[in-house]
Structures are given as C-alpha cells and as structure tokens.
Amino acid sequence: MRLEYLGPSPEPIGFLLLPRFSMMAFFSAVEPLRIANRIAGRPLFDWILISEDGAPVTASSGMTLVVDQSIAEVRHLPSLAVCSGFHPEAAISRELLAWLHRLDQSGCALGGMDTGCFLLAAAGLLEGERVTLHWESLPTFRERFPGISTSDELYELGHRRFSCAGGAAAMDMTLEIIARRHGSRLAVDVSEQLVHERIRTRSDQQRRSLAQRLGTHKRPLVEAVALMERHLETPLSLTEIARRVHVSPRQLQRLFEQELQDRPRDYYLKLRLKRARQLLEETDLDVLSIALACGFTSSSGLSRAFRGHYAMSPRQVRNTTFDGTTFDDATKPDAASRQGS
C-alpha cells in the first residue's frame, strides 16, 4: 500500500486473490481496515476483491470467497496486494502478468502478501526492490530469483512496493499504514479492538529463535544446526561442523541424540530433503537442479534419499495436487504442521 495517499476517501485497496491464497493473511489485512472505518465513524478505506476471471476463489483452508471484479474490469487502483499461498507460480498466466504491468504503468503501488512476491518477481516488477515473504518460502524465492533483494522482516514498505510475511504480519503492516495515514492513536485503538497486544515493527522476528525452536539452549547444538541450515547446497562434513562449534564429533553425536533424538547425519539429511520438497512444490526447477541446490551430486541420489524419507519420488511430488497441507504435514515422518500462514 502506498506510503502516502492524497486521493478522495474512502481509499480503495485492491486484493488479488489467487487459488489457495492464505485466508489468515487476507483477513489480517482487511479486518484492521474495517475496524478503522468503524472507530473513525466514516469510511477511510474500501477494499475490492479481484480474481483473474471474476469467479470465486478457494483459499488454502478450503473456504471460498466471492470477488467483486475480474482483472478485465479493473481500470485503476492506487494500491493492489497480491494474496497467494501454496505454489504461487501455478497461478501465473500471460494475461495476469500483462495486467500487473498495466497497473504499474498507471502508478499503482503493488505488493505481495505471504508468497505474493513470486508473481511480482515473475512479472519483472521487483527490480531494485527489497521484499519479504513467509519464512518458509524465502529460501525457495531466493533460489528462484537470486537477483532480488530479500529480508526476513515482518514487512517491507517502499515507495511503490510493499510486502509482508503473511499471517499476523499482514495485521502489523496494515496497522502501520493506518498510523501513517490517520495517526498512531487510531492504529493503537484498532490494535486494541483486535486484542493485538502490541503493534510489532517491521524488524520484529518472523520466527522464534533457533534455540526456542529446538527446545534447547545448548550452544554447540544450536550453532551446529545453524551451520547445517546455512550449508544445504554444499554440505559440511560432521567433522568440520564439530570443529567449528568446538566439540568433538563424538560429543556432537551425543548432543543430537540427547536433545533432538536424532543422529546429526540423519538430521542434516532431513533438512536437505525438506528444502528439496519445497523447491519441487514451489518452483518449476528440474529435478537435477533441485538435487544440486540441496547438496546431492545427481538426481538419482536425491531420488533414492527422497523416496526413503517420504515414500514417494520427487516426480510424484511434482505431479501431485496438494490439498493445502505443508512440507511438515503430519502424514510425513517426524514432522509437525506449519503454523501462521
């Protein structure tokens, strides 16, 4: 959304809903606008729901929303948020990209919520911009669009581009917009109506610290996992990891088994396979490219390890239509469901 808006009230904001969009992120953006209108006693904002063909759109939750317009009916908007979720690039079409370009040329501020920046990047509309996405999709986005600057902030607000990590981060971004448009007092009042403890700044963390996620504060283990997460494409040997965290390989083995109930070698492999699954489901990279990006020397090597862990091949994953569950779906070994998107 624009940093400044000097047009008539109410300010119109478009929301392009793509199949399997994040309902949580969408409502987190719209509800503060609705409440701001109520508290102000006059319409400050108006929102227009848009789909490519004007048909209702089904979110990742399975809920379906009726939209106001098709892209063909939209002539001009001050701001447009692209709302997507799982596998955003599946929604890309020549007509949609051309429409985004026309909006940009008319002066519209374009933004992405959750994974919406995948479409803006595919349209070539993020050159020189800094954007953020949901933490789970950031590695895939960086792999797919290495020339675009990214951050792991909750949201980014530029002059003509904006983005947020989805989930509750959309609420924080919208509250910041309300504060800039109509004053911080109104934003605080809206936040209190939402029972939102505090308005988080853009620099607040998307995720809990690694120590919190692992459930341990043992420094060598936390540092070892951080090294693994940073070196998926070119895996480090366990001996090298142990050296860097200042423990012996035997001590490293014991730490993983005691704290994470897993061997370090197996834990590292699961991280690489999880990244491979993300790339399979969110990009059109071929299997060999994905294998190399995840530290395997061949597609056959990835396929063997992948089938052993997920009980299906990479190509089967690529060809399967998912129902909105995530890479950490409970049907897969030792995994927990994704929260917040």
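It should be emphasised that the depicted structure is a prediction, and the values quoted were computed from it without experimental measurement.

Observations regarding unusual backbone geometry
- If you check the backbone angles, Arg-20 has positive phi at about 70° while not being a glycine.
- The residue Arg-20 is located in the loop between β1 (11–17) and α1 (23–40) in this model.
- In this structure, Ala-311 takes a positive phi of about 60° despite not being glycine.
- Inspection of the secondary structure assignment puts Ala-311 in the loop between α13 (299–310) and α14 (314–319).

Some words on the packing of α1 against helix α6 (residues 184–193)
- Between α1 and α6, whose axes approach to 9 Å, the crossing angle comes to 115°. The angle between α1 and α6 falls in the class roughly perpendicular. The chirality of how α1 crosses α6 is right-handed. In contact with Pro-32, Ile-35, Ala-36, Arg-38 and Ile-39 of α1, α6 contributes Leu-186, Asp-189, Val-190 and Gln-193.
- Here the residues of the contact of α1 with α6 are counted per class, giving six nonpolar, one polar and two charged.

Regarding the confidence of the model for the protein chain
- Summing up the model confidence of the protein chain, the mean pLDDT is 87 and the portion of residues at 70 or higher is 89%.
- Low pLDDT, under 50, characterises residues 321–341; the predicted model gives this stretch 44 contacts beyond four residues in sequence or across chains.

Looking at the nonpolar core
- Ranked by internal contacts, the top residues of the largest apolar core, which has 39 residues, are Phe-15, Leu-17, Phe-21, Phe-26, Phe-45, Cys-83 and Met-113.
- The leading source of residues in this core is α1, at eight residues.
- Setting aside anything within four residues of it in sequence, one finds Cys-83 in contact with Phe-15, Leu-16, Leu-17, Leu-18, Phe-21, Phe-26 and Met-113.
- Residues Leu-119, Leu-120, Phe-141 and Phe-145 belong to the second largest nonpolar core, which totals 31 residues.

Quick notes on the rules
Within each chain, residue numbers correspond to sequence positions counted from 1 in written order. Totals for whole chains, interfaces and linings use every residue, but because this is a predicted model, local features are given only for residues with pLDDT of at least 70 and side-chain atom pairs only at 80 or more, for both listing and counting. The side-chain values count all of the structure's non-hydrogen atoms but skip hydrogen atoms and water molecules. Each helix is a run of H or I in the DSSP string that is no shorter than four residues. Each strand is a run of E no shorter than two, and both are numbered from the N terminus. Whenever a helix is involved, its axis is fitted only over the stretch in contact; in every case the axis is a line through C-alpha atoms, and angles between N-to-C directions fall within 0 to 180 degrees. Angle categories: roughly parallel below 35 degrees, roughly antiparallel above 145, roughly perpendicular from 65 to 115, and oblique for all the rest. Handedness of a crossing follows from how the near helix is turned relative to the far one, being left-handed for an anticlockwise turn of less than a right angle and right-handed for a clockwise one. Contacts are assigned to residue pairs with any non-hydrogen atoms lying within 4.5 Å of each other. Each residue receives one of three labels: charged for Asp, Glu, Lys and Arg, nonpolar for Ala, Val, Leu, Ile, Met, Phe, Trp, Tyr, Cys and Pro, and polar for the others, Gly being one of them. Residue-level confidence of the predictor is what pLDDT reports, using numbers from 0 through 100. Residues belong to a common nonpolar core when they are buried Ala, Val, Leu, Ile, Met, Phe, Trp, Tyr or Cys residues joined through side-chain atoms within 4.5 Å. Working definition: with a 1.4 Å probe on protein chains only, accessible area under 20% of the residue-type maximum means buried, over 50% means exposed, and in between means partly exposed.

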